[in-house]
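Listed below, chain by chain, are the residues.
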Amino acid sequence: MTDLLASLNPEQREAATNTDGPLLILAGAGSGKTRVIAHRIAYLIGDKHVAPWNILAVTFTNKAAQEMRERVQRLLRGQELQSSPLVSTFHSLCVRILRQDIEKLNENYTRTFTIYDQDDSLRLIKNCLKELGFDDKSIGPRAVQGAISGAKNRGEDVEEYAAAGQYADDRRASIARVYRAYEERLHQNNALDFDDLLIKTVALLKSNAEVRDKYNNRFRYILVDEYQDTNMLQFELIQLLTEKQQNICVVGDEDQSIYKWRGADIGNILNFESHFPEAKTIRLEQNYRSTQVILDVAGSVVTHNVARKGKSLWTSNPRGDRVRYYQALDAEAEARFVAMKILEHREKEAEMRAAVLYRTNSQSRVFEEAMRRAALSYNIVGGFSFYERMEVRDIIAYLKLALNPNDSIALQRVINSPPRGIGKHTIDEIERRANDAGVSLWQTIQLVFEDPQSLNPRAVTALKRFQHLIRGLGELASATSTETEVPKGEITKTRDSARVVHSSSPVSDLVKAAILETGYELALKEERNDEADARLENLQELVNAAVDYDELGPEALREFIDHSALVSDADQYKRDAQVTLMTAHSAKGLEFPLVFIVGLEDGLFPHSRSAKDPAELEEERRLCYVAMTRAERYLYVTHATKRRVYGAELASEPSQFLNEMPLELIEDLTLGKSWLSFARGSSRIEYEHGEYRKEKKTYAGKTYNSVDSIADFFKQRAVQLGQPTPGSRNAASSGQRPRQAPSGNDGVRLQSGDFPPGSYVRHAKYGRGLVLRREGAGESLKLTVSFPGYGQKKLVQKFANLEPA
DNA sequence: TAAAGAAAGTTTTTT
DNA sequence: ACTTTCTTTA
């Protein structure tokens, strides 16, 4: 053990061995955070002889948990252990606790509760909206879901939310009604959504001293990773669990806080010392990951944030190459450039792993294609994950029904997939009657048999067959499930038969049954096309995944289903893939020798949704910082000058974050003129850059100088293209001329109200904006205008009431 | 009822 | 552009 610790630097060693009492580790990017946690766990077990069972490490993602488990295992290699430390995400920890003790909460939930993931929850919300008669389009289900989740994460229950809504607008009052209905339905269905997992666990630990004691005694040493991203509920959970021993160690970095939108409270890490008065603080500031240049560029961007304590990250690594920049014509050209560069790097160093980081999942598509064309094997994290595929979710829904046919959301999902003659009319009728009678859809089906009313015999027969199908799956499942599901007299018999089935793989058998007996496989085989074949393959994968649960005992099926809800990105990140494509968010905690940050455009990264709030813009900047600091040796930043958004082609400006990088540390790989070469050639901008930095501390908002340099860039391009531009006689002499906003009135040939690209306009609502693009003519002349703070808007000139500005 | 065609919404990030 | 959902038709 001692030699293991010898590989740590003094601060790291201090952090690993300071095991008792509250400890805050402020760990900068690449400072060996995961290493320290792993060593700390190994030290607790190997040197302090703490039982592994008494150690809990909590992470946010399964990826991080997996990584941590492997690291600890490697450190403890060769040692015989009685148990292993629990390394878990917040959500699976809560499931674990609730599956054990939720009945002690006395809210009428049973241990067999179902978990509704985001998709299930959205379906339920849609049902509630329908039921409450919100059939107008004024209130979108997604918006409601966001509002409810937000309320839940702020700790507001229905009553509190409704009370707060009393004095607010109608919209909020409507949402409160949906919230109430949603909660009732969840409860009726014995279901918990993702937020409830935390809420109910906290409520349970708060209300029941016995349970609290039990877990306090079990988890004597607790570690929390990415502590800057914890929200109120997670903080409460940690506080309740560490009430007794206070052996709480948290690791985090304020500069990497990127989940405020999900309710994360940065105050948790900033105020750790006041929450836990005995706390020690250790700073890890030596970076082992990146070159000095990469750190300098990343640091330069993040220093533009005002709400920041600031810290110094240093490295003894080589300076490294400059950050490389490329301006592509469009998204396709951007992807081609990235693929080409990856090939070049791999030619020099065969094992070079690369990551392509983008802001939104929708950007992944072009990169996938480019990788395929370049014959690079790639790996996508996030987006449409395996368990989110339609066919996989359908089969899971059948399995959920096998355990609990009253799960109306699952039933709704598969009652007619594959098509079995239960059409829209029939389903509507059943829903209506279920609502009237206040029972589940499953129970209503039985009622239909007793009194078919308007339903025709064909539909009734189809329902009979469906009922029979689900019952059959249910019987198969109860052979592998707990005793509680079975009538008392049959317990012995059932358990015996469970054992028999057990040795011949019960969970995977059940999955197979759900694929075969439901007619799912047949329906896909009959389609005879590539897509159906791919789906069949996915289902085979699902069976394979289930095999891992075959030896797990009576709760195996339940655990498999839980896993499918909580482990949405299971094993998606394969460490040795040549290329990994993912969002900047997903990349947190990972590192690659070669990193591309793509789509650095205004409105995309930073995202337009973050433009109105300076705090959100700062979060975008931290996200950019996180992305940049993933790079070990080579970092590329790229953007495109036009990009399709919702099918329409839009001109895009360079991201202000590019303007915040030190230009002398950037190498321009663009063929021909780029925004960067322009910005460089303009001494005025360099000068303003210096000025801007001095003023920075007083202004938290958007970097307007970037917009100005970008405006000049567009004007220059217009000149090159020979398009008439207001003030074009001046623009030819590039950025050297005195700063003056072009005006629609000063060109002789231009009428007032004519707005070419590069000119400024004023809009009643959005204020002053830069015209990027014109299309159409006469009545339907449309302008694409970028408004600081609002992003790009496409306006019909005739109706937009624009004035020159 | 199911398939085919039309219209509407989608894309911020995640457990 | 693409996918989901609504509407029409056989």
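Residues numbered from 1 in each chain as written. Chains lettered and ligands numbered in written order. Predicted model: local features only at pLDDT ≥ 70, side-chain atom pairs only at ≥ 80, totals over all residues. Heavy atoms only, no water.

In this structure the tally under the stated criterion is 55 salt bridges. Here Arg-123 makes a salt bridge to Asp-119, at a shortest N to O gap of 3.4 Å. With Arg-123 and Asp-119 both in helix α6 (residues 118–131) and four residues apart, the pair spans about one turn of that helix. The class of Arg-123 is partly exposed, set by a relative accessible area of 28%. Taking the shortest distance from any N to any O, the salt bridge between Arg-535 and Glu-391 comes out at 3.8 Å. Here Arg-535, found in helix α26 (residues 530–547), pairs with Glu-391, found in helix α18 (residues 390–403); they are 144 residues apart in sequence, far enough to count as distant. A network of salt bridges, in which partner residues are shared, links Asp-117, Asp-119, Asp-120, Arg-123, Arg-393, Asp-394, Lys-400 and Arg-413. (Salt bridge = Lys/Arg side-chain N within 4 Å of Asp/Glu carboxyl O. Helix = DSSP H or I, 4+ residues; strand = E, 2+ residues; numbered from the N terminus. Buried < 20%, exposed > 50% of the residue type's maximum accessible area, 1.4 Å probe, protein only.)

Taken as a whole and assessed by the stated rule, the structure comprises five cavities of 30 Å³ or more. What the largest cavity holds in volume is close to 150 Å³. Forming the boundary of the largest cavity are 16 residues, of which Asp-117, Asp-120, Arg-393, Ile-396 and Lys-400 lie nearest the centre. For the lining of the largest cavity, the secondary structure elements donating two or more residues are β4 (114–116), α18, α19 (408–414) and α27 (556–566). (1 Å grid on protein atoms, 1.4 Å probe; cavity = no way out; pocket = protein on both sides within 12 Å on 5 of 7 lines; lining within 4 Å. Points joined across faces, edges and corners; volume = space filled by probe spheres on them.)

Looking now at the packing of helix α7 (residues 141–153) against helix α10 (residues 194–207). One can describe the packing of α7 onto α10 by two numbers: an axis separation of 10 Å at closest approach and a directional angle of 20°. Looking at the two axes, α7 sits roughly parallel to α10. When the axes of α7 and α10 are compared, the crossing they make is left-handed. Of the residues in α10, those touching α7 at Ser-149, Lys-152 and Asn-153 are Asp-195, Asp-196 and Ile-199. Within the contact of α7 with α10, the residues separate by chemical class into one nonpolar, two polar and three charged. (Axes fitted to C-alpha atoms, helices over the stretch in contact; angles between N-to-C directions. Parallel < 35°, antiparallel > 145°, perpendicular 65-115°, else oblique. Left-handed = near helix turned anticlockwise from the far one by under 90°. Contact = heavy atoms within 4.5 Å. Nonpolar A, V, L, I, M, F, W, Y, C, P; charged D, E, K, R; others polar.)

Surveying the vicinity of DNA strand C reveals the residues Lys-126, Arg-365, Arg-644, Tyr-646 and Gly-647. Close to the protein, within 4 Å, the atoms of DNA strand C belong to sugar or phosphate groups at a rate of 33%. At 3.3 Å, a backbone N or O of Tyr-646 approaches a base nitrogen of DNA strand C. Of the residues assigned to the surface near DNA strand C, the class counts are one nonpolar, one polar and three charged. (Near = heavy atom within 4 Å. Polar contact = N/O pair within 3.5 Å; in protein donor to acceptor, adjacent residues only side chain to side chain.)

Before going further, it helps to spend a moment on the protein's contact with DNA strand B. Around DNA strand B, the structure places 31 residues, and the nearest of them are Gln-118, Arg-262, Arg-359, Asn-361 and Ser-586. Counting only the atoms of DNA strand B within 4 Å of the protein, the fraction contributed by sugar and phosphate is 51%. A distance of 3.4 Å separates a phosphate oxygen of DNA strand B from a polar atom in the side chain of Arg-142. With three residues, helix α20 (residues 424–437) is the single largest residue contributor to the surface near DNA strand B. Split into classes, the residues belonging to the surface near DNA strand B amount to seven nonpolar, 17 polar and seven charged.

One open sheet accounts for seven strands, arranged β11-β12-β10-β13-β14-β9-β17; its pairing is parallel. In this open sheet, the two edge strands, each paired with only one partner strand, are β11 (378–380) and β17 (666–668). Each strand of the sheet is rotated relative to its neighbour by a mean of 25°, with strand direction disregarded. Judged from the four bridges that link them, strand β10 (residues 354–358) and strand β13 (residues 592–597) form a sheet pairing that is parallel. Paired with Val-356 across the bridge in β13 is Phe-596. Across the sheet, helix α15 (residues 292–302) touches β9 (323–328) and β14 (631–640), and the angle it forms with β14 is around 45°. Across the sheet, helix α28 (residues 614–628) lies against β10, β13 and β14, angled at about 145° from β13, the strand it touches most. (Pairing = 2+ DSSP bridges.)

Attention now moves to the packing of aromatic side chains. This structure, assessed with the given rule, holds twelve aromatic pairs. Summarising the aromatic geometry, the rings of Tyr-161 and Tyr-179 are spaced 5.8 Å apart at their centres and angled 70° between planes, so their arrangement reads as edge-to-face. Taken together, the residues span a long stretch of sequence, with Tyr-161 in helix α8 (residues 158–165) and Tyr-179 in helix α9 (residues 170–188) at a distance of 18 residues. Tyr-179 matches Tyr-161 in its accessibility class, with the two residues each being buried. Here Phe-272 and Phe-276 contribute two aromatic rings whose centre-to-centre distance is 4.9 Å and whose plane-to-plane angle is 35°, an arrangement assigned as tilted. Assigned by exposure class, Phe-272 and Phe-276 land together as buried. (Phe/Tyr/Trp six-rings, centres within 6.5 Å; stacked < 30°, edge-to-face > 60°.)

Let us look at the sheet that holds strand β8 (residues 280–284). One open sheet holds the six strands; their spatial order is β3-β2-β6-β7-β1-β8, and the pairing between them is parallel. With partners counted over all chains shown, the strands left at the sheet margins are β3 (86–89) and β8, one partner each. Neighbour-to-neighbour, the strand axes of the sheet open up by a mean angle of 15°, direction not taken into account.

Time to look at the side chain of Asn-54. By secondary structure assignment, the location of Asn-54 is in the loop between α3 (33–46) and β2 (55–59). Under the relative-accessibility criterion, Asn-54 is labelled buried at 8%. Apart from residues no more than four positions distant in its own chain, Asn-54 is found in contact with Asn-217, Arg-218, Phe-219, Arg-220 and Tyr-221.

All right, on to a negative patch on the surface then. A surface patch of negative charge is lined by Asp-530, Asp-533, Glu-537 and Glu-541. Of note, Asp-533 is situated in helix α26. Classification of Asp-533 as partly exposed rests on a relative accessible area of 40%. (Patch = residues over 30% accessible without salt bridge, like charges linked within 9 Å, V, L, I, M, F, W, Y side chains within 5 Å. Areas by Shrake-Rupley, 256 points an atom, 1.4 Å probe, with all protein chains shown as cover. Lys, Arg positive; Asp, Glu negative; His and termini not counted. Charge placed at Lys NZ, Arg CZ, Asp CG, Glu CD.)

Quick look at the pairing of strand β12 (residues 579–583) now. Counted residue by residue, β12 has five buried out of five residues, so it is predominantly covered. Burial of the side chains of β12 extends over both faces: Val-579, Leu-581 and Thr-583 are buried on one face and Thr-580 and Met-582 on the other. Relative to β12, β10 runs parallel, the two sharing five bridges. Each bridged residue has a counterpart across the sheet, and for Ala-355 the counterpart in β12 is Thr-580.

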